[in-house]
Amino acid sequence: MGSRLALWRSNARPGVRGSLYYLCFWSSVGMYIPFINVYFTNLGLSGQQIAMFGAISPLAVLLFNPLVGATADRRGWHVQLLLSMLALTGLSQIALAFPTTFFTILPVMVVLAVVRGPIAPLADSMIAGMAVRHQLAYGKLRLWGSVGYAVTSLLGGIWWAKTGYPTMFILTGLMTGLVAIVANSLDHTPELRKTATKSAKAPRDAAFIAIVVITSLVGAAFSMVSMFDGNLIQRISGSTLMLGVLPCVIASTEVPVMLNADRVIARFGTAKTLAASTLILGLGFIGSGMVSEAWMLIPIGMFRACGFGLYSVAIIRLITERIPTTLLATAQGLISAIAGGLSPLLATQAGGYMFDISGPQLVFIAAGLCIGLATLVVWLGLKLNWFKPIAQV
């Protein structure tokens, strides 16, 4: 088995390996993320209890992601750590099929949060490094994640309504196991093991701080709405099928945007593209919170998708422009600790409180305002010329 994987790694083009990883990983995410909080609501859990589940993940990210990222760069254990986290994530997802009360679900959610948190920053740093070394358009790799998410969220909306949510967790865990197999084909980055030093640290300049602030505000917004996306659909009379259709439409819209994102960046620059993407995202969230009919979420969701498609490519490009490839995992770990840890930790609690007192509409409007602040930070960075590339592009 190992020799076959080694042969695949040596023969397959880097772009194919990176694209296939994103396809499989985001397919596994689309199988359960749009539905998990609706499942918890159907079990009778309150908004505050769901918010507590939402708070576990950012707390785990805050505590563990910097350590995992730094260890990966210092030891060259990128693939080994990624495989371990994926395997444990798959087992945790399968385990979620069985408990039905808050206190029995809680320990499984804790384990899932700890092992799932480092996966995205580890994989993104590896694939971004591959894109830099092989001069690939990162957006063309990342778009396959949206393709996978669109397909599985649509099929999930149809299939889980027939088979029930416990089946969802079992199949998702098996899919995550497939992701681990694909992840073993990513570059082992031997040059990083030779050049990385134990004393190396991520930059602390104004651009890096701005990136942390921007991603923190965007992370806070997404953490709030991700808890209650399905509840918003249910509140305005959407069906279970709509729970799958909307993510499918959004993810499908992201594909052509990501396909052309590198061209947009080449014409307007990374920072200007980032500013436009956050503005679109903010307006899209506010619009989602103001609709009165479920079908209205589809055109607004497509508008939001344009912003996210540009943002997901532009932010990775900005990071790789400012940080050497030998420190990408370290930097991603630090960024995710704050942007995916501390910031969502506070935002999920605020989102749960707003949901209980006013409903999901207020949560979406507040998320839009958070991203509006991120747009102001990008604009300030443009004015002060913080984002001039200093590293490999």
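An unreviewed UniProt entry annotates the chain as Sucrose permease originating from Herpetosiphon gulosus. Of the comments in the UniProt record for the chain, the one headed Subcellular location (unreviewed entry) reads "Cell inner membrane".

**Student:** Describe the overall build of the chain, and please don't skip the residues or the numbers.
**Tutor:** Each helix and strand in the chain was counted, giving 16 helices and zero strands. Burial analysis of the chain (393 residues in total) assigns 59% to the buried set. Partitioning the intrachain contacts of the chain with sequence separation of at least 6 by distance along the chain shows that 87% fall at a separation of at least 24. Of the roughly 15,900 Å² of accessible surface on the chain, a fraction of 70% belongs to carbon and sulfur atoms.

**Student:** Let's hear about the nonpolar core: which residues, and what values?
**Tutor:** Within the largest apolar cluster, 119 residues are counted, with the highest numbers of intra-cluster contacts made by Tyr21, Phe40 and Leu82. If you tally residues by element for this core, the top one is helix H11 (residues 206-235), at 14 residues. Each residue touching Tyr21, except ones within four places of it in the same chain, is listed here: Leu82, Leu86, Ile119, Ala123, Ile127, Val179, Val182, Ala183 and Leu186.

**Student:** Give me a nonpolar patch on the surface: which residues, what numbers.
**Tutor:** Together, Phe98, Trp159, Ile170, Leu171 and Leu174 line one region of the surface with nonpolar side chains, adding up to about 510 Å² of accessible area. With three residues, the single largest contributor to the nonpolar patch is helix H9 (residues 165-183). Here Phe98 lies in the loop between helix H5 (78-95) and helix H6 (102-116). A relative accessible area of 60% places Phe98 in the exposed class.

**Student:** Lay out the packing of helix H4 (residues 47-75) against H5 in plain terms, naming residues and giving numbers.
**Tutor:** For the pair H4 and H5, the least separation of the axes is 8 Å and the interaxial angle reads 145°. On H5, the residues that touch Val68, Thr71, Ala72 and Asp73 of H4 are His78, Leu81 and Met85. Class assignment of the residues belonging to the contact of H4 with H5 gives a composition of four nonpolar, two polar and one charged.

**Student:** Talk me through the pattern of salt bridges; I want residue IDs and the actual numbers.
**Tutor:** Scanning all chains against the criterion turns up two salt bridges. Taking the shortest distance from any N to any O, the salt bridge between Arg317 and Asp262 comes out at 3.0 Å. Highlighted residues: Arg317 in helix H14 (residues 297-322) and Asp262 in helix H12 (residues 240-268), separated in sequence by 55 residues. Salt-bridge contacts for Glu321 lead to Arg317; the nearest nitrogen and oxygen are separated by 3.7 Å. With Glu321 and Arg317 both in helix H14 and four residues apart, the pair spans about one turn of that helix. Each member of the salt-bridge network shares a partner with another, and the members are Asp262, Arg317 and Glu321.

**Student:** Break down the side chain of Thr176 for me, with residues and values.
**Tutor:** Along the polypeptide, Thr176 turns up in helix H9. Classification of Thr176 as buried rests on a relative accessible area of 2%. In contact with Thr176, not counting residues within four places along its chain, are Ser28, Leu86, Thr89, Gly90 and Gln93.

**Student:** Describe the packing of aromatic side chains, listing the residues and the values that go with them.
**Tutor:** Going through the model one piece at a time under the given rule, you end up with 13 aromatic pairs. Aromatic pair Phe222 and Phe285: ring centres 5.2 Å apart, planes at 80°, arrangement edge-to-face. Taken as a pair, Phe222 in helix H11 and Phe285 in helix H13 (residues 270-288) lie far apart in primary sequence, 63 residues in all. Under the relative-accessibility criterion, Phe222 is labelled partly exposed at 26%. Taken together, Tyr21, Tyr22, Phe25, Trp26, Tyr138 and Tyr149 form an aromatic cluster joined through their ring pairs. Arg142 extends its terminal NZ or CZ atom over the ring of Tyr22, reaching a point 5.8 Å from the ring centre.

**Student:** Give a detailed account of helix H16 (residues 360-383), specifying residues and quantitative values.
**Tutor:** A rise of 1.5 Å per residue sets the reference length of H16, with its 24 residues, at 34 Å; its end C-alpha atoms lie 36 Å apart and thus fit the reference within 8%. Just beyond H16, the residue with positive phi is Asn385, at close to 55°.

**Student:** Go over the environment of Asn385 with me, naming the residues and quoting the values.
**Tutor:** Residue position: Asn385 is located in the segment after H16. Remark: the alpha-carbon pair of Asn385 and Ala206, spanning 179 residues in sequence, is separated by 9.8 Å.

**Student:** So, helix H7 (residues 119-134): which residues are in play, and what are the values?
**Tutor:** With 16 residues, H7 extends 22 Å between its outermost C-alpha atoms, agreeing within 8% with the 22 Å of an ideal straight helix rising 1.5 Å per residue. Across the 16 residues that make up H7, a large majority, 13, are buried. Looking at the residues trailing H7, positive phi occurs at Gln135, about 55°.

**Student:** Please provide a residue-by-residue account of the side chain of Thr270, values included.
**Tutor:** With respect to the helices, strands and loops of the structure, Thr270 is situated in helix H13. Among the polar contacts made by the side chain of Thr270, one reaches the side chain of Glu321 at a distance of 2.8 Å. The residues touching Thr270, leaving out its near neighbours within four places in the chain, are Ile265, Ala314, Arg317, Leu318 and Glu321.

**Student:** Which residues make up the environment of Pro14, and what are the values?
**Tutor:** When you line up the elements, Pro14 lands in helix H2 (residues 14-30). Sequence-wise, Pro14 and Leu186 are 172 residues apart; in three dimensions their C-alpha atoms are separated by 7.8 Å. Discounting chain neighbours no more than four positions away, the residues touching Pro14 are Met130, His134 and Leu136.

Rules behind the numbers
- Residues numbered from 1 in each chain as written.
- Predicted model: local features only at pLDDT ≥ 70, side-chain atom pairs only at ≥ 80, totals over all residues.
- Heavy atoms only, no water.
- UniProt positions renumbered as here; feature names shortened; annotations may be inferred.
- Helix = DSSP H or I, 4+ residues; strand = E, 2+ residues; numbered from the N terminus.
- Buried < 20%, exposed > 50% of the residue type's maximum accessible area, 1.4 Å probe, protein only.
- Contact = heavy atoms within 4.5 Å.
- Areas by Shrake-Rupley, 256 points an atom, 1.4 Å probe, with all protein chains shown as cover.
- Core = buried A, V, L, I, M, F, W, Y, C linked by side-chain atoms within 4.5 Å.
- Patch = residues over 30% accessible without salt bridge, like charges linked within 9 Å, V, L, I, M, F, W, Y side chains within 5 Å.
- Salt bridge = Lys/Arg side-chain N within 4 Å of Asp/Glu carboxyl O.
- Axes fitted to C-alpha atoms, helices over the stretch in contact; angles between N-to-C directions.
- Nonpolar A, V, L, I, M, F, W, Y, C, P; charged D, E, K, R; others polar.
- Phe/Tyr/Trp six-rings, centres within 6.5 Å; stacked < 30°, edge-to-face > 60°.
- Lys NZ or Arg CZ within 6 Å of the ring centre and 35° of its normal.
- Expected span 1.5 Å × (residues − 1).
- Polar contact = N/O pair within 3.5 Å; in protein donor to acceptor, adjacent residues only side chain to side chain.

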